[in-house]
Amino acid sequence: MSTTAWRALGKCRVLMNAAKATATKPAAKPAAAATPGAVTPPAQLKGILKPMPVSPIFKDFIGGAPEISRAHATKKIWEYIKLHKLQNPSNRREIICDQKLKTLFNGKETVGIMEVAGLLSQHFVKTR
């Protein structure tokens, strides 16, 4: 027990014993599953990790998958950019689009790295 607690509580044994009991009490363990062999269901993915349907143009780009998460889509775009060396050597924050990227990015010649996620959002089909 710290000296501050000792000073705050004074020399009252009742208060000191209560403070010691709560300070040394072990943390409660999480409740175990009802049955020992039970398997818990996986947590549902949310936000940018949730797979969403994509447009036909983007489906062709990613290899025919009907759904992909936003995070994985961005990763695929960056893999393609690095594989084909499409970053501007003089300005690494700029991407020089080839024909395949132009179809995804509305025909733009160059795209800033901060624009990629915004330009990809149009290829995710809303399902509501």
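Structure: above.
Please read all numbers here as calculations on a predicted model, not as lab measurements. (Residues numbered from 1 in each chain as written. Predicted model: local features only at pLDDT ≥ 70, side-chain atom pairs only at ≥ 80, totals over all residues. Heavy atoms only, no water.)

Participant: I keep staring at the environment of glutamate 94 and nothing clicks. Help me out?
Facilitator: Locating glutamate 94 in the fold gives a position in strand E3 (residues 94-96). Along the chain, glutamate 94 and glycine 112 lie 18 residues apart, while their C-alpha atoms are 4.6 Å from each other. For glutamate 94, the residues in contact, after removing those within four places along its chain, are Leu86, Gln87, Asn88, Thr110 and Val111. (Helix = DSSP H or I, 4+ residues; strand = E, 2+ residues; numbered from the N terminus. Contact = heavy atoms within 4.5 Å.)

Participant: Hey, could you run me through the pattern of salt bridges in this one?
Facilitator: Two side chains bearing opposite charge may form a pair once their charged atoms approach each other closely. Evaluated as defined, the whole model comprises 2 salt bridges. Here lysine 102 makes a salt bridge to glutamate 109, at a shortest N to O gap of 2.9 Å. Here lysine 108 and glutamate 115 are joined by a salt bridge, their closest N and O atoms 3.0 Å apart. According to the relative accessible area criterion, lysine 108 is partly exposed, its value standing at 31%. With relative accessibility at 33%, the residue glutamate 115 sits in the partly exposed group. (Salt bridge = Lys/Arg side-chain N within 4 Å of Asp/Glu carboxyl O. Buried < 20%, exposed > 50% of the residue type's maximum accessible area, 1.4 Å probe, protein only.)

Participant: Please explain the packing of aromatic side chains as it appears in this structure.
Facilitator: By convention here, two paired aromatic rings are described through the distance between centres and the angle between planes. Summed over all chains, the structure comprises 3 aromatic pairs. Relative to phenylalanine 61, the ring of phenylalanine 58 has its centre 6.0 Å away and its plane inclined at 15°; by these criteria the two rings are stacked. Residue phenylalanine 58 and its partner phenylalanine 61 are both found in helix H3 (residues 56-62); the two are separated by 3 residues, about one turn of the helix. Here phenylalanine 61 falls in the buried class, since its relative accessible area comes to 12%. (Phe/Tyr/Trp six-rings, centres within 6.5 Å; stacked < 30°, edge-to-face > 60°.)

Participant: It is not clear to me how a nonpolar patch on the surface should be interpreted in this structure. Could you clarify?
Facilitator: Residues Leu45, Ile48 and Leu49 make up a contiguous nonpolar surface patch of roughly 300 Å² in combined accessible area. Positionally, isoleucine 48 belongs in the loop between helix H2 (13-24) and strand E1 (52-53). (Patch = residues over 30% accessible without salt bridge, like charges linked within 9 Å, V, L, I, M, F, W, Y side chains within 5 Å. Areas by Shrake-Rupley, 256 points an atom, 1.4 Å probe, with all protein chains shown as cover.)

Participant: Please clarify how unusual backbone geometry should be interpreted in this entry.
Facilitator: Of all residues except glycine, most have a negative phi; of all peptide bonds, most are trans. Backbone geometry places lysine 85, a non-glycine residue, at a positive phi of 50°. By the secondary structure assignment, lysine 85 is in the loop between helix H4 (70-83) and E3. With relative accessibility at 71%, the residue lysine 85 sits in the exposed group. Phi is positive for asparagine 106, close to 60°, though the residue is something other than glycine.

Participant: What is the right way to look at the side chain of lysine 102 in this model?
Facilitator: You can see lysine 102 is positioned in helix H5 (residues 99-104). A polar contact of 2.9 Å, which involves the side chain of lysine 102, links it to the side chain of glutamate 109. In contact with lysine 102, other than residues within four places in its own chain, are Cys97, Gly107, Lys108 and Glu109. (Polar contact = N/O pair within 3.5 Å; in protein donor to acceptor, adjacent residues only side chain to side chain.)

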